[in-house]
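Summary of the model geometry
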Amino acid sequence: MKIIKAENYNDMSEKAAQFIFERLIRGDVKVLGLATGGTPVGLYKRLIKHINDKNLSLSALHTVNLDEYVGLSDEDPNSYHQYMEDELFRPINIPRDQTHLPHGDTGDSEAECKRYERLIQDLGGIDLQLLGIGQNGHIGFNEPGSSFSGRTAVVDLAPSTIEANARYFTDKNKVPRKAITMGIGTIMESRSILLLASGKDKAEAVKKMIEGEITEQTPATVLQNHSDLTVIADKEALSQL
Ligand code: GLP
């Protein structure tokens, strides 16, 4: 595990943007795994600038996102589809048939999970997966208690996750209770992983992830077993180490 300490959120975002951009330029990353949430917003802003300033062609790049809410259509303003459109895809103009997220409103989420898992395998697996971390140590939407060998599945969100994500919804009661998420087994097969964390709210989860006992009760602790993990975190997120 490589830990890169950043001064603050902006510094973390710039370091992460450079980390990803360098690998895109070198052609090391053909399949890029993406994450949502508040943490990667600053990274995406800077990555857009790097890509557009250098006119980097993305014609061969595929992206796969970690998760999507069950019950929201791709067009729903709170869906992760729309988040990705707004925060990254539209500004870099990547071919949309090469950007992949699970669909939340197919009516048959089990079949959708199988399709998504097969898609990742058909693309040849993930070269670099970006992750955030939940306050309870979740990765993707794999909540405490998730199996370390899990594949893409429909999951129930923990009450604390529903509460944490309610800030993005005008009506708290509209926060979905379920999501489709890549499994921990799927995530762990990524050839490289980059995890970002910022702020003191994440300090406890980050401490457990880095030096805690490896346990399914804290999903991110599984990352200690990954052979190519980089953590870019700011001082506050690293403050309990
Ligand atoms: C969300 C997402 C995760 C994200 C995490 C932290 O529920 N499914 O992929 O890493 O929670 O979010 P934030 O970055 O907003 O703190």
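Anyway, here's the lowdown on the structure attached to this text. This is a predicted model, so every value here is computed, not measured. (Residues numbered from 1 in each chain as written. Predicted model: local features only at pLDDT ≥ 70, side-chain atom pairs only at ≥ 80, totals over all residues.)

In this section: the packing of helix α1 (residues 9-26) against helix α2 (residues 41-53). Following both chains from N to C, one finds α1 and α2 inclined at 45°, their axes separated by 8 Å at the closest point. Judged by the angle between their axes, α1 and α2 are oblique. Considering how the two elements wind past one another, α1 and α2 form a crossing that is right-handed. Together, Tyr9, Asn10, Ser13, Glu14, Ala16, Ala17, Ile20 and Phe21 of α1 and Gly42, Leu43, Arg46, Leu47 and His50 of α2 make up the contact between the two elements. Looking at the contact of α1 with α2 residue by residue, the classes come out as seven nonpolar, four polar and two charged. (Axes fitted to C-alpha atoms, helices over the stretch in contact; angles between N-to-C directions. Helix = DSSP H or I, 4+ residues; strand = E, 2+ residues; numbered from the N terminus. Parallel < 35°, antiparallel > 145°, perpendicular 65-115°, else oblique. Left-handed = near helix turned anticlockwise from the far one by under 90°. Contact = placed C-beta atoms within 7 Å. Nonpolar A, V, L, I, M, F, W, Y, C, P; charged D, E, K, R; others polar.)

What follows deals with the pairing of strand β3 (residues 62-65). Here β3 shows two buried faces, one formed by His62 and Val64 and the other by Thr63 and Asn65. Here four bridges tie strand β2 (residues 31-34) to β3, and the two strands are oriented parallel to one another. Bridged to Leu32 within β3 is Thr63. For the crossover that starts at β2, traverses α2 and ends in the parallel β3, the hand is right-handed. (Buried ≥ 20, exposed ≤ 12 C-beta atoms within 10 Å, placed from the backbone. Pairing = 2+ DSSP bridges. Right-handed = clockwise from strand over helix to strand, strands pointing away.)

Of note, the phi angle at Asn55 is positive, near 50°, even though the residue is not glycine. Residue position: Asn55 is located in the loop between α2 and β3. Note on Asn55: 6 C-beta atoms within 10 Å, which makes it exposed. Notably, Asn93 is not glycine yet its phi reads approximately 55°, a positive angle. The residue Asn93 is located in the loop between α3 (80-92) and β5 (99-100) in this model. What makes Asn93 exposed here is the crowd of 10 C-beta atoms within 10 Å.

In the vicinity of the ligand, 14 residues are found, and the nearest of them are Gly37, Gly38, Thr39, Gly132 and Gly134. Split by residue class, the shell around the ligand holds four nonpolar, nine polar and one charged. (Near = placed C-beta within 6 Å.)

Our focus in this paragraph is the nonpolar core. Counting residues in hydrophobic clusters, the biggest one holds 62 residues, and the most contacted among them are Ala16, Ile133, Leu194, Leu195, Leu196, Ile232 and Ala233. Every residue in contact with Leu195, bar those within four places of it in the chain, is listed here: Leu131, Ile133, Leu223, Leu229 and Val231. (Core = buried A, V, L, I, M, F, W, Y, C linked by C-beta atoms within 7 Å.)

The subject of this paragraph is the environment of Leu130. By secondary structure assignment, the location of Leu130 is in strand β6 (residues 128-131). Here the alpha-carbon distance between Leu130 and Glu117, two residues 13 residues apart in the chain, equals 17 Å. The residues touching Leu130, leaving out its near neighbours within four places in the chain, are Gly33, Leu34, Ala35, Pro40 and Leu194.

The geometry of a pair of packed helices is captured by two quantities: the angle between their axes and the separation between those axes. At a closest axis distance of 9 Å, the pairing of α2 and α3 adopts a crossing angle of 5°. Classed by the angle they form, the pair α2 and α3 counts as roughly parallel. On the side of α2, the interface is formed by Val41, Tyr44, Ile48, Ile51 and Asn52, while α3 contributes Glu87, Leu88, Pro91 and Ile92. The residue makeup of the contact of α2 with α3, split by class, is seven nonpolar, one polar and one charged.

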